[in-house]
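Here are the chains, one letter per residue:
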Amino acid sequence: EAGVAQSPRYKIIEKRQSVAFWCNPISGHATLYWYQQILGQGPKLLIQFQNNGVVDDSQLPKDRFSAERLKGVDSTLKIQPAKLEDSAVYLCASSSLSLNEQFFGPGTRLTVL
Amino acid sequence: SQELEQSPQSLIVQEGKNLTINCTSSKTLYGLYWYKQKYGEGLIFLMMLQKGGEEKSHEKITAKLDEKKQQSSLHITASQPSHAGIYLCGALTTSGTYKYIFGTGTRLKVLA
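Residues numbered from 1 in each chain as written. Chains lettered and ligands numbered in written order. Predicted model: local features only at pLDDT ≥ 70, side-chain atom pairs only at ≥ 80, totals over all residues. Heavy atoms only, no water.

### Regarding the pattern of salt bridges
All names here are of chain A. Summed over the entire model, instances satisfying the criterion amount to 4 salt bridges over all chains. Between K62 and D57 there is a salt bridge, and its shortest N-O distance comes to 3.7 Å. Given the relative accessible area of 26%, D57 is considered partly exposed. Across the pair R64 and D86 runs a salt bridge whose closest N-O atoms are separated by 2.5 Å. (Salt bridge = Lys/Arg side-chain N within 4 Å of Asp/Glu carboxyl O. Buried < 20%, exposed > 50% of the residue type's maximum accessible area, 1.4 Å probe, protein only.)

Shown next, in the form of structure tokens:
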């Protein structure tokens, strides 16, 4: 069974630039999550999708972050414009049901200079 | 404030030694998950505990959830260098809606 795929693996941008991350969850998984993990901290949930609907985006900085999952399968997370404090690993995870264990992708390491 | 407290923050043990990592919450948890993460990589699911008093084992790793479902421990027996990494506890809590939270992690180093 293929795991959660993410791209790119690494990205370096300058502040005020835009960046987008892509995630393809495990086939058949209805629930998709985006997390932000700052160095030395645990992952923080940014947004949770159930199929193509948003379940929880309470911790998503909506002035600069946006995410979509238009067809209920893969998803993109965008930051526009990026700030220095956005430097982190962005993790995508999926689960078959919202209360089941999550399977994580390898993450995208973002460095904002 | 951190809703899930992990201890210790870091641990260095000699190969072959046993160790325990703790995860504590002030709230009742509706699911407790243990993950392992290698630096710069994603999280690998280890175990999920849902019932008070539940205990699960996989190879040399045992996880327990207390009866009140507010504290969990992860115990590694006869540690090996392959156990090195960051161990994270995650949990499902609710304040009206279900929400996933994670601890800050325990960095484990095993000396050969």
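### Here's the deal with the sheet that holds strand β1 (residues 4-7) of chain B
Residue and element names in this part refer to chain B. Within the open sheet, the 5 strands sit side by side as β1-β3-β8-β7-β6. Their pairing is antiparallel. Because the sheet does not close on itself, it has two edges, and the strands there are β1 and β6 (55-58). Going from strand to strand, the sheet's axes swing by 15° on average, the running direction of each strand aside. (Pairing = 2+ DSSP bridges. Helix = DSSP H or I, 4+ residues; strand = E, 2+ residues; numbered from the N terminus. Axes fitted to C-alpha atoms, helices over the stretch in contact; angles between N-to-C directions.)

### Quick look at the state of the cysteines
Taken as a whole and assessed by the stated rule, the structure comprises 2 disulfides over all chains. Each disulfide pairs two cysteine sulfurs, and for C23(A) the partner residue is C92(A), the sulfurs being separated by 1.9 Å. Because the torsion about its S-S bond is -70°, the bridge between C23(A) and C92(A) counts as left-handed. With a gap of 69 residues between them, C23(A) in strand β3 (residues 19-24) and C92(A) in strand β9 (residues 88-95) connect regions that are remote in the sequence. Neither C23(A) nor C92(A) differs from the other in exposure class; each is buried. Sulfur-sulfur distance for the disulfide between C23(B) and C89(B) comes to 2.1 Å. The chirality of the disulfide connecting C23(B) with C89(B) is right-handed, given an S-S dihedral of about 75°. (Disulfide = S-S within 2.5 Å.)

### Regarding the interface of chain A and chain B
Interfaces are often sized by the accessible area lost when the parts come together. On the side of chain B, 19 residues touch chain A, which itself brings 22 residues to the contact. Buried area between chain A and chain B, summed over both chains or domains, comes out near 1,600 Å², and the portion from carbon and sulfur atoms is 55%. Counting every contact that joins chain A to chain B gives 0 salt bridges. The interface formed by chain A and chain B contains 3 residue pairs in polar contact (both at pLDDT 80 or more). Counting residues per element, the side of chain A that touches chain B draws most heavily on strand β4 (residues 31-37) of chain A, at 3 residues. Tallied by class, the residues present in the side of chain A that touches chain B amount to 9 nonpolar, 9 polar and 4 charged. (Contact = heavy atoms within 4.5 Å. Buried area = accessible area lost by both parts, 1.4 Å probe. Polar contact = N/O pair within 3.5 Å; in protein donor to acceptor, adjacent residues only side chain to side chain. Nonpolar A, V, L, I, M, F, W, Y, C, P; charged D, E, K, R; others polar.)

### Remarks on the packing of aromatic side chains
By convention here, two paired aromatic rings are described through the distance between centres and the angle between planes. Here the structure, examined in full by the defined rule, presents 12 aromatic pairs over all chains. Taken together, a centroid distance of 6.3 Å and an interplanar angle of 50° make the contact between F103(A) and F45(B) tilted. Highlighted residues: F103(A) in strand β10 (residues 103-104) and F45(B) in strand β5 (residues 43-49), drawn from two different chains. Taken together through their ring pairs, the aromatic side chains of Y33(A), Y35(A), F103(A), F104(A), Y33(B), Y35(B), F45(B), Y100(B) and F102(B) make up a single cluster. (Phe/Tyr/Trp six-rings, centres within 6.5 Å; stacked < 30°, edge-to-face > 60°.)

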